[in-house]
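A look at the structure
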Amino acid sequence: MRPSLLLIGLDRYALQACVRHDVDAVVVCGAAAYDDGLVDVPPALPVLMVDDQKNAESILTALHRAGLGGRRFDGIHTTDEWAIVTASLLARELGADYLTPAEAVGFRDKSLQKGLVAAAGIPTARVTVIPDVHDVSALTALPYPAAVLKPAAGAATAKTSVVTGIEELRAVSAEYRRQGTPQRTFVLEEFLPGDEWLADGVVFNGELVFCALGRYGAPCLTAVREDLALTVDRLDPVDDQEAYEIGLPVVRRTLSALGLRNSTFHMELFHDPATGRVAFSECAARRAGAMVHEELQAKFNVNLGESGVLCALGRDPGLVVKRDPRHFGSTYLMAPPGVLIDCPSPLQVRERPGVEFVRIERPFGTVFDPALSSTNQRIGQVMVSADSPEGLAARRAEVEAWFSERVVTAPAGATARELRAWQRRIRPDDDFGDTSWT
């Protein structure tokens, strides 16, 4: 009998794996994912349209409308961070093996997660819960010299900032209240200095079967705060042996403390170069976004999308790891503020030296804000390779500069007069002005 899977969200690599392994999958597609239109669902897989793919009611009612109300599934799979708890609530009703709700909230709520990790003796930031970020009057001082303010269950570094005093916290609170932010429960985390590392891998039957470390060019919060492209360097288990020796024990202990059994994962860590200490930051019970999948497939021959599907079905992913000695990394392709009018095509980017893969994710007409609001704000992403760390940095910088020089954005919210002035600047040799018959 074909294994059955409820697939929440449009993960291109999971979709491909379902077809390749003849999985009887039902694909849940929310309105936002459908409207985005970037990922195509293979014709062999039925699609269940829902209003909100992170809402259990939306999914259950859609299943019943489709005549699938009594159907049982062998597993549930999602790479949508916001749907992790939803999937856990649906699992019992659908007969599927997945995280329990208690385990799922441990992967979503930052205060609960750090509590579990700290209880296991793993270094991590201290955390204070703010029940309502619109009202911080109960606090008369910061609990830490510097703190990171973030949603208790957020994603992509959105609504995240560093505060160094109670007046800064009050100012951010007042601004969030003015904006009417829907997320109200926040946390203050002790600020930990150092490099930000990432760990991506696979857990099967509670055992870590694969893990690859990486390093962000700048911590995610710094990238958002300073409008920088998010960059990643993959660490090599041979060339960067020391990093693996100090990082992997923390990864293993953390996964055990959080109770992950059969899943891919994405973890972030802080490494203090001065002391060598590695501290836990966050962990997600899903495959990461960005170029993580592509980096690991290129560097280690590991397909995280396929591994996630097989683990969800209780199958050993049977990984055959093959290390490529080259250095791999990635970067976001950014846009200046305004309305995207034109940019290089994927084929043009692919022809640049060292480029291994590129994906342009935003269509023409996309409006880019003056400041980054999260790590999801970009035109696309590119993965590069080189024979040395220095060569990797040079190639990445070259493709970033080359791409940015060819991006065209029009002013957003401009008057017709301002747009005409902009048009004259970018097409100085063409006259689009008012003309009269002569």
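Structure shown above.
Because the structure is predicted, anything quoted here is derived from the model rather than measured. (Residues numbered from 1 in each chain as written. Predicted model: local features only at pLDDT ≥ 70, side-chain atom pairs only at ≥ 80, totals over all residues. Heavy atoms only, no water.)

1. Quick look at the packing of aromatic side chains
On inspection of all chains with the given rule, the structure shows two aromatic pairs. When the ring centre of Phe300 is taken as origin, the NZ or CZ atom of Lys299, which lies over that ring, is 6.0 Å away. Over the ring of Tyr332 we find Arg378; its NZ or CZ atom is 4.5 Å from the centre of that ring. (Phe/Tyr/Trp six-rings, centres within 6.5 Å; stacked < 30°, edge-to-face > 60°. Lys NZ or Arg CZ within 6 Å of the ring centre and 35° of its normal.)

2. Focus: the pattern of salt bridges
For the structure on display, the rule yields 28 salt bridges. As a salt-bridge pair, Arg234 and Glu295 come within 2.8 Å of each other at their nearest N and O atoms. Taken together, the positions of Arg234 in strand 11 (residues 231-234) and Glu295 in helix 10 (residues 292-300) put the pair 61 residues apart, joining distant regions of the chain. Judged by its relative accessible area of 4%, Arg234 is buried. (Salt bridge = Lys/Arg side-chain N within 4 Å of Asp/Glu carboxyl O. Helix = DSSP H or I, 4+ residues; strand = E, 2+ residues; numbered from the N terminus. Buried < 20%, exposed > 50% of the residue type's maximum accessible area, 1.4 Å probe, protein only.)

3. A closer look at the side chain of Asp324
Within the fold, Asp324 resides in the loop between helix 11 (304-312) and strand 14 (327-333). Within the structure, Asp324 has its side chain in polar contact with the side chain of Arg326 (distance 2.9 Å). Each residue touching Asp324, except ones within four places of it in the same chain, is listed here: Asp236, Ala298 and Lys299. (Polar contact = N/O pair within 3.5 Å; in protein donor to acceptor, adjacent residues only side chain to side chain. Contact = heavy atoms within 4.5 Å.)

4. Structural notes on the packing of helix 6 (residues 110-119) against helix 9 (residues 241-258)
Contact geometry of helix 6 with helix 9 gives a least axis separation of 9 Å together with a crossing angle of 115°. Note on packing geometry: the crossing formed by helix 6 with helix 9 is right-handed. On the side of helix 6, the interface is formed by Gln113, Leu116 and Val117, while helix 9 contributes Thr254, Ala257 and Leu258. Residues belonging to the contact of helix 6 with helix 9 are distributed by class as follows: four nonpolar, two polar and no charged. (Axes fitted to C-alpha atoms, helices over the stretch in contact; angles between N-to-C directions. Left-handed = near helix turned anticlockwise from the far one by under 90°. Nonpolar A, V, L, I, M, F, W, Y, C, P; charged D, E, K, R; others polar.)

5. Focus: the packing of helix 1 (residues 12-20) against helix 11
Between helix 1 and helix 11, the shortest axis-to-axis distance is 8 Å and the interhelical angle comes to 60°. Looking at the two axes, helix 1 sits oblique to helix 11. Considering how the two elements wind past one another, helix 1 and helix 11 form a crossing that is right-handed. Here Tyr13, Ala14, Ala17, Cys18 and Arg20 of helix 1 lie close against helix 11, whose contacting residues are Gly305, Glu306 and Val309. (Parallel < 35°, antiparallel > 145°, perpendicular 65-115°, else oblique.)

6. Looking at the sheet that holds strand 15 (residues 338-342)
Across the sheet, three strands lie side by side as 17-15-19; this open sheet has antiparallel pairing. With partners counted over all chains shown, the strands left at the sheet margins are strand 17 (367-368) and strand 19 (408-410), one partner each. Here strand 15 pairs with strand 17 via two bridges, running antiparallel. Residue Val339 lies in a different strand from strand 17, and its bridge partner there is Val367. Together, strand 15 and strand 19 form the strand contacts of helix 14 (residues 416-426), whose direction differs from that of strand 19 by roughly 160°. (Pairing = 2+ DSSP bridges.)

7. Things to note about the environment of Asn262
Following the sequence through the fold, Asn262 ends up in the loop between helix 9 and strand 12 (263-271). It is 9.4 Å that separates the C-alpha atoms of Asn262 and Ala285, two residues lying 23 residues apart in sequence. For Asn262, the residues in contact, after removing those within four places along its chain, are Asp97, Val203, Phe204, Asn205 and Cys311. For Asn262, the side chain forms a polar contact with the main-chain nitrogen of Asn205, separated by 2.7 Å.

8. Brief notes about the environment of Ala394
Here Ala394 lies in helix 13 (residues 389-405). Along the sequence, Ala394 and Leu228 sit 166 residues apart, while their C-alpha atoms lie 17 Å from each other.

9. Section: helix 6
Three- or four-residue spacings in an α-helix give side chains the same orientation, since the helix completes a turn every 3.6 residues. Those residues of helix 6 not exposed but buried are Lys110, Ser111, Gln113, Lys114 and Val117. Mapping the buried residues of helix 6 onto a view down its axis gives an arc of 160°, with all of them on the same face. Here the buried face of helix 6 lies against helix 5 (101-108), strand 5 (127-130), strand 6 (147-151), strand 8 (186-190), helix 9 and strand 13 (278-284). Note on helix 6: the residue one or two positions beyond its end, Gly121, has a positive phi of about 80°. (Arc of directions from axis to C-beta.)

10. Topic: helix 1
Among all positions in helix 1, only Tyr13, Ala14, Leu15, Ala17 and Cys18 are buried. Its buried side turned inward, helix 1 meets strand 1 (4-8), strand 2 (24-30), strand 4 (75-78), helix 10, helix 11 and strand 16 (355-360). You can read the cap of helix 1 off the contacts: a side-chain oxygen lies 3.0 Å from the backbone nitrogen of Tyr13, and it is on Asp11. Directly after helix 1, the chain includes Asp22, whose backbone phi takes a positive value near 55°.

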